[in-house]
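Examination of the molecular architecture
The chain contents come next:
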Amino acid sequence: MAFGSFGGGARNSAPMAEINVIPLVDIMLVLLVIFIITAPLLTHAVKIDLPKADSTTNVQQADNIQFAIDADSQRWWNGEKVDEAQTIERLRAAGAQTPSPELHLRVDRNARYEIIATVMSEAAKAGVTKVGFVTDPSGAPLASVTPVSTSTSTAKPASP
């Protein structure tokens, strides 16, 4: 593309207003030929006769444990009130299961952190490694943590 000429005359002092499109057309034609040649190679597949088998997947769905701690530090295991000794005993039994169940913690915002840390520590010692915190997406305080319903709550797994 040229903007002027090599001649120093006054009549050729204005820049050229034409664009040479021949090199662009040449490149487009070369690309078109390359794509025409390579396109059939990309769709080529080897035909093989695979054996047929009827089987179902053997996937065991892990149970989940709904564990709640209310503002009075009372503990609830799937809606049933338990004390600290029963909690440890049930966590050990859950940790021995295969596959290990998920522990869903529902904790009142006014519960003591010490109780939560103790439960998480005992769960880790017992072999329950999948722990999730269930929260209320609306942010409203829960009226009671004893009913176990997962329709409005979401569990967020914590890394072990």
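What comes next concerns the included structure.

Conventions and cut-offs
Residue positions within a chain follow its written sequence, with the count starting from 1. Local features in a predicted model are, by the rule used here, given only for residues with pLDDT of at least 70; side-chain atom pairs are given and counted only at 80 or more, and totals for whole chains, interfaces and linings are based on all residues. The basis for the side-chain values is all heavy atoms of the structure; hydrogens and waters are excluded. Buried Ala, Val, Leu, Ile, Met, Phe, Trp, Tyr and Cys residues form a nonpolar core when they are joined through side-chain atoms within 4.5 Å. Classification of residues uses two cut-offs on accessible area relative to the type maximum, computed with a 1.4 Å probe and protein chains only: under 20% is buried, over 50% is exposed, and between them is partly exposed. Only DSSP runs of H or I reaching four residues or more are called helices, and only runs of E reaching two or more are called strands; each is numbered from the N terminus. Any carboxyl oxygen of Asp or Glu within 4 Å of a side-chain nitrogen of Lys or Arg constitutes a salt bridge here.

What follows concerns the nonpolar core. Judged by nonpolar contacts, the single largest core of 17 residues is most densely connected at Phe67, Ile69, Trp77, Leu91, Leu103, Leu105 and Val128. For this core, the elements supplying multiple residues, two or more each, are strand S1 (64-69), helix H2 (84-95), strand S4 (102-107) and helix H3 (113-126). Counting residues per element, this core draws most heavily on H3, which supplies five residues.

Evaluated as defined, the whole model comprises three salt bridges. Note that glutamate 80 is salt-bridged to arginine 90, the shortest N-O span being 2.9 Å. Residue glutamate 80 is located in strand S3 (residues 80-82), and its partner arginine 90 is located in helix H2; the two are separated by 10 residues in the primary sequence. You can call glutamate 80 partly exposed: its relative accessible area is 41%. In this structure, lysine 125 and glutamate 122 form a salt bridge, with 3.8 Å as the shortest nitrogen-oxygen distance. Here glutamate 122 and lysine 125 lie together in helix H3, a separation of three residues that amounts to about one turn. In this structure lysine 125 comes out as exposed when scored by relative accessible area, which is 64%. Classification of glutamate 122 by relative accessible area gives buried; the value is 17%.

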